Amino acid sequence: MPDDATPTQGIGAAVLRKEDQRFITGRGRYTDDLKVAGQAHAAFVRSPHAHARIRGVDTAEAAAMPGVVGILTGADMAADKLGGLICGWMIHSKDGSPMKAPAHPSLAHDKVRYVGDAVAIVVADSQAQARAAAEAVVVDYEELPAVVATATARNSAVLVHDDVPHNLCYEWEIGDKAATEAAFAKADKVIALDLVNNRLVPNAMEPRAAIGEYEPGTDSFTLHTTSQNPHVARLVLSAFVGIAPEHKLRVVAPDVGGGFGSKIFIYAEETSCLWASKRLGRPVKWTSDRAEAFLTDCHGRDHVTHAELAVDKDGRFLGFRVKTIANMGAYLSTFASSVPTYLYGTLLAGQYATPAIYCEVDAVFTNTTPVDAYRGAGRPEATYLIERIVEVAARELNLDPAELRRRNFITVDQFPYQTPVALTYDTGDYFASLDKAQGIADVAGFAARKAKSAANGKLRGLGYSTYIEACGLAPSRVAGQLGAGVGLFESAQVRFNPTGNVQVFTGTHSHGQGHETTFAQVVASTLGVPVENVDVVHGDTAKVQYGLGTYGSRSLAVGGSALVKACEKIIAKGRKIVAYRMEAALEDIEFKDGVFRVAGTDKQMTMAEVAFAAYVPHNYPLEELEPGLDENAFYDPLNFTYPAGCHICEVEIDPDTGVVRIDRFTAVDDFGRIINPMIVHGQVHGGIAQGVGQALLEGAIYDQESGQLLTGSFMDYCMPRADDLPSYDLGFTETPCTHNPLGVKGCGEAGAIASPPAVINAITDAIGIRHLDMPATPERVWRAVQASRVAQAAE
């Protein structure tokens, strides 16, 4: 593990974000800011129907409009034999059969399968001209019935894809069914719960954008795009879509304004802009507007679940069984199949030593926007389910919710802990997180605050959420066994310049996480150079060696570990250089805080001096070492990392209006070793905001007959605002990860994972009801309050 540098510089220091200088001064360079010489602009003709057969596309009038360069349809793309979009994670049903993965053309040519499905790309000299011409394209549709509802899609007579019976993508299972049934047979009580995990629209601040450019002189392409993983985009576009051989396609993801998972995936627009740029002889630029984003950015969540928890007379968990229906939307997105399976079912143990767990997941197609990973990706769905049923169990057993959790926690001496659902947790202390959270939240004073609220005619409730997540997405060997189509290692390159400053090249990608700062801190601590002398480069496949990008809180745990390995190679080479120049034995060369020393003497060389010597090799072991100081490394972990913690929410409700006010929110998280506490605070704040949004406000709603998205703008889809959120009280515990060199676990998704059940548990506690589905809007809460009053009056 690297040594710490000074508290103001390296690991553990709250260093101000280096990248913010350009962001807060308006000098960020996003895809839409880029202007390529000769570029034209694209607009897409999109289906107004959820399900329809395309009988014809008439482009004549549109093609004659001012500025139009060309119009290309799905039929044109099919004629060019361009491959469709793929899902990169194979899931097998419980009978061993592979999942159904129907064709997903970038431009539809026979049927459209959701509102927003692209039918044609219109390219013109200006964006306004392209959009005007797109409106003039006439598509002859034969409208068909649509299947929309998650819960009943399997039983619908309407098929989204003719070759997928019952709209069923797969029937998946995990866990020991027989052992779980045996556990239920000896249970003293069974708690059952039905719930819905509501569909969400990602709504990153920056809409998606792409610029496709073809260079005929080299027969090569460049794609500038809003991507979280440019190397994976290049791989899919070359190997599966067939745009060009991989070495003939450069993908550049410049500054990206948020992703939350929605920019992991390869979309139709990127494919179409690249293809059109060659067909029409002009670079082609497309930028989504917010209405397009609502319709076409992959959505998140959308589960319908029945769960049962078996307990003994003392409240010990004996077994847990789950049946979930997961909505895939109209097509399988890039990693969609993995979200309700290996990112969900494997987390159903939570923090608890439940001996038997069995989960079944039916994934179904519907005539809706495709669903894929959204901040947390499967783990929020698992945590919400676990923490809601544990809360219900506590109330039905007449036990304090915190006490029931303590009785069932995995104890410290049980680590490493093998869960019944495949994962092995390496380390943790769940009691410490709960105890610290209760102290910060002043749980002991809750009764007095509740009485004060009651005196003012308000309802007050308190809710817990003790969560765990699997992060640091890797390891490749395990992911491959589970169906992943790519490796999940990460790469790094550390390059000293002759004057001693450092360039770091990473295969991860930053879209708000602060990598340019935290990675510089890791390098500064490891190599003993000032943070300001370290520049981080990412997002360009022509500059950075192959890497897998950013998602699943993997950047620091996997990418940062690759950096440490590259730095260790730098130090090892530096020791050899110093040994030669000092005429000392290699084993006598020590390194600390950026200085090489000969043990027991005052002979030394700084890292900057060593770098200069490596590039000016006048006195240098050329027989043994190459000149230069530039090292690469790849890191592929042996296990996931497991951040965990306890969040406590306290709400006050106006029973006359149903308005919920979050009065207090406490989050105590164990992220292992923390590199930059300021950045970690920001990540937790943002995650909680998104979780609160899901719990109280957000929900993508479709008309159940027509398949029209009813919440297709910010007029209808409510996002959290500053006055919806409290000041957060944060705390940390630390059990370092045991298997990566930094001891880090990941922090980017915890807030979105832990907060929704904490909020709903607090609301149901305040009202005195068993369950309330998200989002807990004022109307829904008001109705629940009135129903509770009626029930109480009838008792």
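Presented here is an overview of the structure given in this document. Each chain carries its own residue numbering, running from 1 in the written order of its sequence. Whole-chain, interface and lining totals are the exception, using all residues; otherwise, since this is a predicted model, local features are given only for residues with pLDDT of at least 70 and side-chain atom pairs are given and counted only at 80 or more. Water and hydrogen atoms were dropped before computing side-chain values, which therefore reflect all heavy atoms in the structure.

1. Here's the deal with the overall build of the protein
Threshold: Per the convention used, a helix needs a DSSP run of H or I reaching at least four residues, while a strand needs a run of E reaching at least two, with both numbered from the N terminus. In this treatment the radius of gyration is a C-alpha quantity, and the globule benchmark scales as 2.2 Å times the residue count to the 0.38 power. Buried, partly exposed and exposed residues are distinguished by accessible area as a fraction of the type maximum, computed with a 1.4 Å probe on protein chains only: under 20%, between the cut-offs, and over 50%, respectively. For this analysis, residues touch if any pair of their heavy atoms sits within 4.5 Å. Accessible surface area values rest on a Shrake-Rupley calculation with a 1.4 Å probe, where residue burial reflects the displayed protein chains alone. Here the positive residues are Lys and Arg and the negative ones are Asp and Glu; neither His nor the chain ends is included. Note on charges: their place is set at NZ of Lys, CZ of Arg, CG of Asp or CD of Glu.
Broken down by element type, the protein carries 19 helices and 28 strands. Rg of the C-alpha trace for the protein: 28 Å, near the compact-globule value of 28 Å for 795 residues, within the 12% margin. Projecting the C-alpha coordinates of the protein onto the three principal axes gives extents of approximately 95 × 70 × 50 Å. In the protein, which comprises 795 residues, the share counted as buried stands at 62%. Expressed as a percentage of contacts within the protein between residues at least 6 apart in sequence, the contacts between residues at least 24 apart total 80%. Of the roughly 28600 Å² of accessible surface on the protein, a fraction of 52% belongs to carbon and sulfur atoms. In the protein, 70 positive and 95 negative side-chain charges are present, and the distance between their average locations comes to 1 Å.

2. Observations regarding the sheet that holds strand β20 (residues 502-506)
Put simply, the rule is: Strands are treated as partners if at least two bridges between them are detected by DSSP. Helix axes are fitted only over the stretch in contact, all axes being lines through C-alpha atoms; the angle between N-to-C directions runs from 0 to 180 degrees.
Reading across the sheet, the four strands line up as β21-β20-β19-β25 and stay open at both edges, with mixed pairing between neighbours. In the strand order of this sheet, the two ends are held by β21 (534-537) and β25 (630-635), each with one partner. Going from strand to strand, the sheet's axes swing by 20° on average, the running direction of each strand aside. Where β20 and β21 come together, four bridges link them in parallel fashion. By the bridge assignment, Val 502 is partnered in β21 with Val 534. Relative to the sheet, helix α14 (residues 515-527) contacts β19 (490-496), β20 and β21, its axis offset from that of β21 by approximately 130°. Set on the sheet, helix α15 (residues 555-582) makes contact with β19, β20 and β25; between it and β25 the angle comes to about 140°.

3. What to know about helix α19 (residues 778-794)
Condition: Expected helix span is given by 1.5 Å per residue-to-residue step, counting one fewer step than there are residues. Picture the helix axis, draw a direction to every C-beta atom, and the arc is the one those directions span.
For α19, spanning 17 residues, the distance from its first C-alpha to its last is 24 Å, which sits close to the expected 24 Å at 1.5 Å a residue. Among all positions of α19, only Val 781, Ala 784, Val 785 and Ser 788 are buried. Buried residues of α19 fall within an arc of 100° about the axis and therefore sit on the same side. Along α19, exposed side chains directed more than 90 degrees from the buried face belong to Glu 779, Arg 783, Val 790, Ala 793 and Ala 794. On the buried face of α19, the contacting elements are β18 (459-468), β26 (644-653), β27 (660-670) and α18 (750-767).

4. Quick notes on unusual backbone geometry
In the segment running from Phe 415 into Pro 416, the intervening peptide bond is cis, with an omega of -5°. Checked against the element boundaries, Pro 416 lands in the loop between α10 (401-408) and β16 (417-418). Between Met 774 and Pro 775 the backbone carries a cis peptide bond, its omega angle lying at -5°. Inspection of the secondary structure assignment puts Pro 775 in the loop between α18 and α19. The phi angle at Asp 219 is positive, at roughly 50°, despite the residue not being glycine. When you line up the elements, Asp 219 lands in the loop between β9 (209-215) and β10 (220-225).

5. Comments concerning the packing of aromatic side chains
To keep things clear, this is the line we draw: Working definition: a ring pair exists when centres of Phe, Tyr or Trp rings (six-membered ring for Trp) sit within 6.5 Å. Plane angles under 30 degrees give stacked, over 60 give edge-to-face, the rest tilted. Whether a charge lies above a ring is judged from NZ of Lys or CZ of Arg, which has to be within 6 Å of the ring centre and within 35 degrees of the ring normal.
For the structure on display, the rule yields 21 aromatic pairs. Considering the side-chain rings of Phe 665 and Tyr 728, the 6.3 Å spacing of their centres and the 80° angle between planes classify their relative orientation as edge-to-face. Placement of the pair is Phe 665 in strand β27 and Tyr 728 in strand β28 (residues 728-733), with a sequence separation of 63 residues. One exposure class covers both Phe 665 and Tyr 728, and it is buried. Through pairs of rings, three or more aromatic residues link up here, namely Phe 317, Tyr 352, Phe 409, Phe 415, Tyr 430 and Phe 431. The ring of Tyr 267 carries Arg 208 above its face, with NZ or CZ at 3.6 Å from the centroid.

6. Digging into empty space enclosed by the protein
The condition is simple: Grid points spaced at 1 Å over the protein atoms alone were grouped into cavities, where a 1.4 Å probe fits but cannot get out, and pockets, open sets with protein on both sides within 12 Å along at least five of seven lines, with lining residues defined by an atom within 4 Å of a point. Grid points are joined across faces, edges and corners, and a volume is the space filled by probe spheres set on the points. Residues were grouped as follows: Ala, Val, Leu, Ile, Met, Phe, Trp, Tyr, Cys and Pro as nonpolar; Asp, Glu, Lys and Arg as charged; and all remaining residues, including Gly, as polar.
Taken as a whole and judged by the stated rule, the model has seven cavities of 30 Å³ or more. Of the pockets and cavities examined, the largest cavity occupies roughly 200 Å³. Forming the walls of the largest cavity are 22 residues, and the residues nearest its centre are Leu 85, His 104, Tyr 114, Tyr 267 and Ala 268. The class makeup of the residues in the lining of the largest cavity is twelve nonpolar, six polar and four charged.

7. A short note on the nonpolar core
Defined as follows: Nine residue types can take part in a nonpolar core, namely buried Ala, Val, Leu, Ile, Met, Phe, Trp, Tyr and Cys, and a core is a set of them joined through side-chain atoms within 4.5 Å.
If you look at the biggest cluster of nonpolar residues, it comprises 211 residues, and the most contacted ones within it are Ile 121, Phe 320, Leu 348, Tyr 425, Leu 527, Met 607 and Ile 763. Residue contributions to this core peak at 14 residues, all from α15. With residues near it in sequence (within four places) discarded, Tyr 425 still touches Ala 349, Gly 350, Ile 410, Phe 415, Pro 416, Tyr 417, Thr 419, Tyr 430, Ile 468 and Tyr 642. In this structure, Val 112, Ala 124, Val 137 and Val 139 belong to the second largest nonpolar core, which totals 20 residues.

8. Digging into the pairing of β18
Judged by how many residues are buried, β18 sits mostly within the fold: nine of ten residues are covered. Across ten bridges, the pairing between β18 and β26 is antiparallel. Within β26, the position partnered with Tyr 467 by the bridge is Gly 645.

9. Some thoughts on the side chain of Thr 508
The test is simple: Here a polar contact is taken to be a pair of N or O atoms separated by no more than 3.5 Å, where protein atoms must pair a possible hydrogen donor with a possible acceptor and residues adjacent in sequence count only if both atoms sit in side chains.
Assignment of secondary structure puts Thr 508 in the loop between β20 and α14. Judged by its relative accessible area of 1%, Thr 508 is buried. Side-chain polar atoms of Thr 508 contact the side chain of Thr 506, separated by 2.9 Å. Once residues within four sequence positions are removed from consideration, Thr 508 is found in contact with Glu 490, His 515, Phe 519, His 538, Gly 549, Thr 550, Ser 555 and Gly 559.

10. Details of the sheet that holds strand β22 (residues 589-592)
The antiparallel open sheet is built from three strands, whose spatial order is β22-β23-β24. In the strand order of this sheet, the two ends are held by β22 and β24 (604-606), each with one partner. For this sheet, the mean inter-axis angle between neighbouring strands, taken without regard to orientation, is 20°. Bridging between strand β23 (residues 595-598) and β24 involves three bridges; their strand directions are antiparallel. Each bridged residue has a counterpart across the sheet, and for Arg 597 the counterpart in β24 is Gln 604. Contacts from helix α16 (residues 607-615) reach β22, β23 and β24 within the one sheet, and its direction differs from that of β24 by about 80°.

11. Brief notes about the environment of Gln 481
For Gln 481, the location among the structural elements is in helix α13 (residues 476-481). Judged by relative accessible area, Gln 481 falls into the exposed class, the value being 63%. Linking Gln 481 and Leu 223, residues 258 residues apart in sequence, is a C-alpha distance of 32 Å.

12. A word on the packing of α14 against α15
Inclusion rule: Left-handed is the label given to a crossing in which the near helix is rotated counterclockwise from the far helix by less than a right angle, and right-handed is the label when the rotation is clockwise.
Running from N to C, α14 and α15 point in directions that differ by 35°, and their axes come no closer than 10 Å. Note on packing geometry: the crossing formed by α14 with α15 is right-handed. Residues His 515, Phe 519, Val 522, Val 523, Thr 526 and Leu 527 of α14 form the contact with α15, whose own contacting residues are Ser 555, Leu 556, Gly 559, Gly 560, Leu 563, Val 564, Cys 567, Ile 570 and Ile 571.

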